There are 2 protein chains.
Amino acid sequence: MDSPERKIMSVLNGKTVTPPPVWLMRQAGRYLPEYRQTRATAKGFLDLCYTPDKAVEVTMQPIRRFGFDAAILFSDILVIPDAFDRNVKFVEGEGPQLDPIDEDGIDKLIMPDIIQHLKPVLETVTRLRAGLPAETTLLGFCGAPWTIATYMIAGHGTPDQAPARLFAYQHPKAFEKLLSIIADASIEYLVAQIDAGADAVQIFDSWAGILGDHEFDAFAVKPVRRIVDAVRTARPSARIIAFAKGAGYNLKSYRQGTSADAIGLDWSVPLGFAAELQKDGPVQGNLDPLLMVAGGKALDDGIDRILTRLGNGPLIFNLGHGITPQADPDNVTRLIERVRSFRG
Amino acid sequence: MDSPERKIMSVLNGKTVTPPPVWLMRQAGRYLPEYRQTRATAKGFLDLCYTPDKAVEVTMQPIRRFGFDAAILFSDILVIPDAFDRNVKFVEGEGPQLDPIDEDGIDKLIMPDIIQHLKPVLETVTRLRAGLPAETTLLGFCGAPWTIATYMIAGHGTPDQAPARLFAYQHPKAFEKLLSIIADASIEYLVAQIDAGADAVQIFDSWAGILGDHEFDAFAVKPVRRIVDAVRTARPSARIIAFAKGAGYNLKSYRQGTSADAIGLDWSVPLGFAAELQKDGPVQGNLDPLLMVAGGKALDDGIDRILTRLGNGPLIFNLGHGITPQADPDNVTRLIERVRSFRG
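A brief report on the enclosed structure follows. (Residues numbered from 1 in each chain as written. Chains lettered and ligands numbered in written order. Predicted model: local features only at pLDDT ≥ 70, side-chain atom pairs only at ≥ 80, totals over all residues.)

**What about the interface of chain B and chain A?**
Moving on, step 1. Residue-level contacts link 29 residues of chain B with 29 residues of chain A.
Moving on, step 2. Put simply, the parts of the chain that give the side of chain B that touches chain A at least two residues each are helix 10 (162-170), helix 12 (213-234), helix 14 (271-279), helix 15 (291-294) and helix 16 (296-310) of chain B.
Moving on, step 3. If one sorts the elements of the side of chain B that touches chain A by residue count, helix 10 of chain B sits on top with 5 residues.
Moving on, step 4. Taken together, the residues that form the side of chain B that touches chain A break down as 17 nonpolar, 8 polar and 4 charged. (Contact = placed C-beta atoms within 7 Å. Helix = DSSP H or I, 4+ residues; strand = E, 2+ residues; numbered from the N terminus. Nonpolar A, V, L, I, M, F, W, Y, C, P; charged D, E, K, R; others polar.)

See below:
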């Protein structure tokens, strides 16, 4: 249900809120000493995601400390491949690793019981909604099928996800099935998050930017459109943010193509272009995360440029990508104060 | 001097040539067995660049095998930091390494004798022009100041060049000096390449895509503009291609901002946008390099889409980034035949 007090929901409904609401991607993370403390009590990163006590705690930490307008479920986009039994592991300092899948493996891939597998994550969502202040929006999320597929094919992250791009050229039918089954799983997962208490969900397409024109439409737009349509039909009150990192000029057609309620903008999106995109609906972004390390005048100037260009339209203030472990929590305080002092 | 027979020079002068001329970024490279053979005779990668006999040989190999419309000097963008005595090394399987520079180091940085240091490279250019068929354009090149600076600051490549981005926020004055001195060195270097026989030069800004709006203008556009203006004033017959990889929507202002004769397009640039950009002047690109691995129908379709959208305007057919070691030389033959059979 839509609460008029949840500012982010107002923006997602197309309204201009002044000052704009603010949250930060990866706001529950290693830059916070309290996060590192909780993290140290978990056996591994997935253990943290799958233990509601701990996942609730780390999700709440930045809300308590900074009073963001949204809490985002603490989890990872790779819980979906994990539900597909791809043996997902987070190796300290090396990033995620999973069993790479080939044509044959895709052929044999069957839909897992998403709700059963991700029960602890859904339990976290329920507890969060119960524990959060009424005015705080609760965001769920998942990875976009293309981004999830890049990890499933390569078995790890790569500088340009060449393995998945090459696989898609060489085995178009198998790749289509892979995107399709990931989309099916994501629909179930997002609907379940909404039922558990998420007000809105974000679909992260971290690797959209390395796709060619034709592939962007086929791999980044169409599967996300399917998810948006299905989630919206199932749960009309939910709102959906789609974030295609590095999509550049392709963002022009991305909102209409995906029909998402809002689009996320990475820090490389020029503000003149962002203002054009905002004419068609709400945008979220797009401060360079490194400014949370740099601080000072560079930070203030970066914030002011965004507020000046985008603050008088439907805007959710955010970074252009996740906050980094090197960020100074004091800079987060500074950012929130500055954004909240904006008067239009 | 401008030769009417050199098709790439015609395109760079704004003419539509049918079929479009073609060359491939990194066309002298590890996908060729003859390259690997010559490479094995060199002590290291820089040794290959600094030994005219070997550098001429590897530059000529793809011309002999495929008859490309351009030969590009075999060298590396990091010869400029090497001229600045930054101790550049290419470590097998690890990418380039150099001594990272800090604020103090930048303060002490002085212009080296570029011509003296890069004498063997210039000797290679001279010998190439003498040995190349008259109809083959000879391209020189350098890295753009921003991209060179990212390596000089970090001391190696990183996934998102965060060290240089952060340094620029924290030490704006020092960073400005660094860009400026790299630009000075690049001007001297490019003019010397032209004097040695290069018809045109390409400026590679491989890391332009991770810059924010404001930084794109300050770090990617302005320093390249300075180089273009200075080179053009010194050698009016030379033509200049600027390639800002990942620049996305920013390409809209990049040509005018840099005043380059042609702009390179990476494979993520949508063809509709590319066609818009082509209205303002010649473009170069933009096939996904992985299609040179995949081959087959995917390759044919990719080529045809570019020819259909861009083939009837000033176009230099190329990849959207360098050809990879995994590419099949037979796919290069296939590409050239297909491009050359285009009748408009």
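**With respect to the packing of helix 14 of chain B against helix 16 of chain B**
Residues and elements named next belong to chain B.
Moving on, step 1. Here helix 14 crosses helix 16 at 35°, and the two axes come no closer than 9 Å. With respect to the hand of their crossing, helix 14 and helix 16 are arranged in right-handed fashion. Of the residues in helix 16, those in contact with Leu271, Ala274, Ala275 and Gln278 of helix 14 are Arg305, Ile306, Arg309 and Leu310.
Moving on, step 2. Of the residues in the contact of helix 14 with helix 16, the class split is 5 nonpolar, 1 polar and 2 charged. (Axes fitted to C-alpha atoms, helices over the stretch in contact; angles between N-to-C directions. Left-handed = near helix turned anticlockwise from the far one by under 90°.)

**Overview of the sheet that holds strand 4 (residues 137-143) of chain B**
Residue and element names in this part refer to chain B.
Moving on, step 1. The 7 strands lie next to each other as 1-4-5-6-7-8-9, forming an open sheet whose pairing is parallel. Among the strands making up the open sheet, the edge pair consists of strand 1 (70-72) and strand 9 (315-319). Across the sheet, the mean angle separating the axes of adjacent strands is 25° when strand polarity is ignored. (Pairing = 2+ DSSP bridges.)

**Considerations on the relation of the copies chain B and chain A**
Moving on, step 1. In the superposition of chain B on chain A (RMSD 0.0 Å, axial shift 0.0 Å), the rotation amounts to 180°. The transformation just described matches what one would write down for a two-fold rotation axis.
Moving on, step 2. Of the interface residues in chain B, 100% have counterparts in chain A that sit at the interface too, so the contact is made through matching surfaces. (Least-squares fit on C-alpha atoms with pLDDT ≥ 70 in both.)

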